[in-house]
Amino acid sequence: MNIVKQFAFISVLHMLHWKVTLSNEGVIDSDLQSKTLNVGEAKAPRYLLYDVNPGEGFNLRRDVYMRVANLVRNLNEDAPWILVLPPWGGLYHWKSRHLDQTRIPWSTFFDLPSLRRFVPVIEFKELLKLMPEPVIDELYYLQNYKEGWTEFEDKMDIRDCIQNPYHFNEDRGLWEGWFFSYGDEVGVRKLTCVSLLGHSALLKPFLLHNTTARTVMTDRAETMLHDRFGDKNYWECRRSMRFSKALRDIGDEFRRKYLDSTDEKDNTVLHEDWTQMKRKHGEAKGGPYVAAHLRRADFLYARPKDVPSLENTAKQLKAVLKKQKLKTLFIATDAPKDELKELKDLLRDYKVYTFEPPKEVLETYKDGGIAIIDQWICAHARYFIGTYESTFSFRIGDEREILGFDPDMTYNRVCGDEDKECEQPSRWTIVYK
Ligand SMILES: Nc1nc2c(ncn2[C@@H]2O[C@H](COP(=O)(O)OP(=O)(O)OP(=O)(O)O)[C@@H](O)[C@H]2O)c(=O)[nH]1
Ligand SMILES: *[C@@H]1O[C@H](CO)[C@@H](O)[C@H](O)[C@H]1NC(C)=O
Ligand SMILES: [Mg+2]
């Protein structure tokens, strides 16, 4: 069965399971419905929810999504499973404290039809509407092996909890926790700790055979590793993670208005359907500007050797601009305003731009949306230079691989003050087969 079609069945199926009345109301397309009935009765879909260590940032969370999405894709080879998208919120880096930045749906940031071309997904809010009561059947809290490990081998075992952030509410008979800020509006019937060493594929037989629960959540999902980092499946999943159209449009408008950059001129036209889009390295030209992602804030003390002073940063950027024969620089950074002003002063011979969101853009798309717009603009530059080991910079690199840039124009970083000829980033180049 064609995979896209299969997902259509599944999404209809999950409606049929809990909201049987829907079909009587004629909401479901009759053609789909008849197809569904062919395969439907036997297997109702199950739902996989997940969460990540609260300390992790936006860009690592995007990576964890990929590990879980690949697991759900594998599960679907044997039985219908739907991935439940954990609402965004409570991230340490989202500094606009005047905004409520919780319960943000994935559709604010990503294009759901694109995600669904890889794996069936629904928003958590939609799951709540489907469930008879807001109770998740089982939660598997992933942890390491208490005794550690000497030789790497794939293994998983049910173990006592080393620690876990959930607590049991005797009155409700349910486990309670953060649940994407839903707190005690939601609960879990059964909590089990699982020591895991290895790849996300390990969970497949377990989920298929060791539990029959309809709704299963795994927490600390970052504990599972990518099945095969950088292979075809990895890149298919990455390609499916298209940013929402609204955010792309804002970035494109900024490129057009200030950076003399349009997809037609720059050879970066996006195919509406990512499964149909395949670019060769060097096909994309990019807009006539250099983009720099300068991660500072906590990196200044977390990685002092790899983050240059502002003066040295300006010096390195000038050298790049000169070499690329460009006069325009776009900067994406988490640096405070005074640092950015100082940097702009040091670069006053060039046209330097930053994306300053209008109030209503910030209010609608929050700090996560602004970060995406910054990434989108960086992804379309002729030349990109990022920050050492920043996942924010890595995600820009992937985006440029998808668009078809020459890797020489992507895998660059600013060097620390004491490290003039620093090692350049590893090249995670795209593969299609
Ligand atoms: N708008 C904007 N936000 C940024 C920029 N750089 C960092 N941030 C913010 O800071 C966060 C960076 O955290 P992560 O997403 O964890 O990426 P990282 O810290 O670079 O990488 P890790 O080493 O994995 O923590 C982003 O999610 C943004 O919220 C930037 O250039 N523009
Ligand atoms: C899953 O079930 C099988 C068969 O009963 C068992 O051998 C295995 O240990 C179980 N897995 C875990 C992680 O408990
Ligand atoms: Mg971080």
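Taking an unreviewed UniProt entry as the reference, the protein is identified by name as GDP-fucose protein O-fucosyltransferase 2 belonging to Littorina saxatilis. UniProt lists a comment for the protein under the heading Sequence similarities (unreviewed entry), and it reads "Belongs to the glycosyltransferase 68 family."

Engineer: Outline the overall build of the protein, listing residues and values.
Structural biologist: Along the backbone of the protein there are 15 helices and 13 strands. A globule of 433 residues ought to have a C-alpha radius of gyration of about 22 Å, and the protein, at 23 Å, matches this closely. Referenced to the eigenvectors of the C-alpha coordinate spread, the extents of the protein come out at roughly 65 × 55 × 45 Å. Within the span of the protein, comprising 433 residues, buried residues form 56% of the whole.

Engineer: Run through the site of ligand 1, naming residues and quoting values.
Structural biologist: Within the structure, ligand 1 sits among 18 residues, and Asn-59, Arg-295, Asp-374, Ser-390 and Thr-391 are positioned closest to it. Contacts to ligand 1 include His-293, whose side-chain N or O atom sits 3.0 Å from a nitrogen atom. Interatomic distance of 2.8 Å between a backbone N/O atom of Thr-333 and an oxygen atom of ligand 1. Taken by itself ligand 1 offers 630 Å² of open surface, and the protein chains cover 87% of this. Residue assignment for the shell around ligand 1 shows that the elements contributing at least two residues are α4 (58–75), β11 (328–333), α14 (359–379) and α15 (391–403). Among the elements that take part in the shell around ligand 1, α14 stands out by supplying 3 residues, more than any other. Partitioning the shell around ligand 1 into residue classes produces 7 nonpolar, 7 polar and 4 charged.

Engineer: Can you explain the state of the cysteines? Please cite residues and give values.
Structural biologist: Tallied over the entire structure, the rule returns 2 disulfides. The thiol of Cys-378 is unpaired, and the distance to the nearest cysteine sulfur, on Cys-415, comes to 18 Å.

What counts and what doesn't
Residues numbered from 1 in each chain as written. Chains lettered and ligands numbered in written order. Predicted model: local features only at pLDDT ≥ 70, side-chain atom pairs only at ≥ 80, totals over all residues. Heavy atoms only, no water. UniProt positions renumbered as here; feature names shortened; annotations may be inferred. Helix = DSSP H or I, 4+ residues; strand = E, 2+ residues; numbered from the N terminus. Rg over C-alpha atoms; globule rule 2.2 N^0.38 Å. Buried < 20%, exposed > 50% of the residue type's maximum accessible area, 1.4 Å probe, protein only. Near = heavy atom within 4 Å. Polar contact = N/O pair within 3.5 Å; in protein donor to acceptor, adjacent residues only side chain to side chain. Areas by Shrake-Rupley, 256 points an atom, 1.4 Å probe, with all protein chains shown as cover. Nonpolar A, V, L, I, M, F, W, Y, C, P; charged D, E, K, R; others polar. Disulfide = S-S within 2.5 Å.

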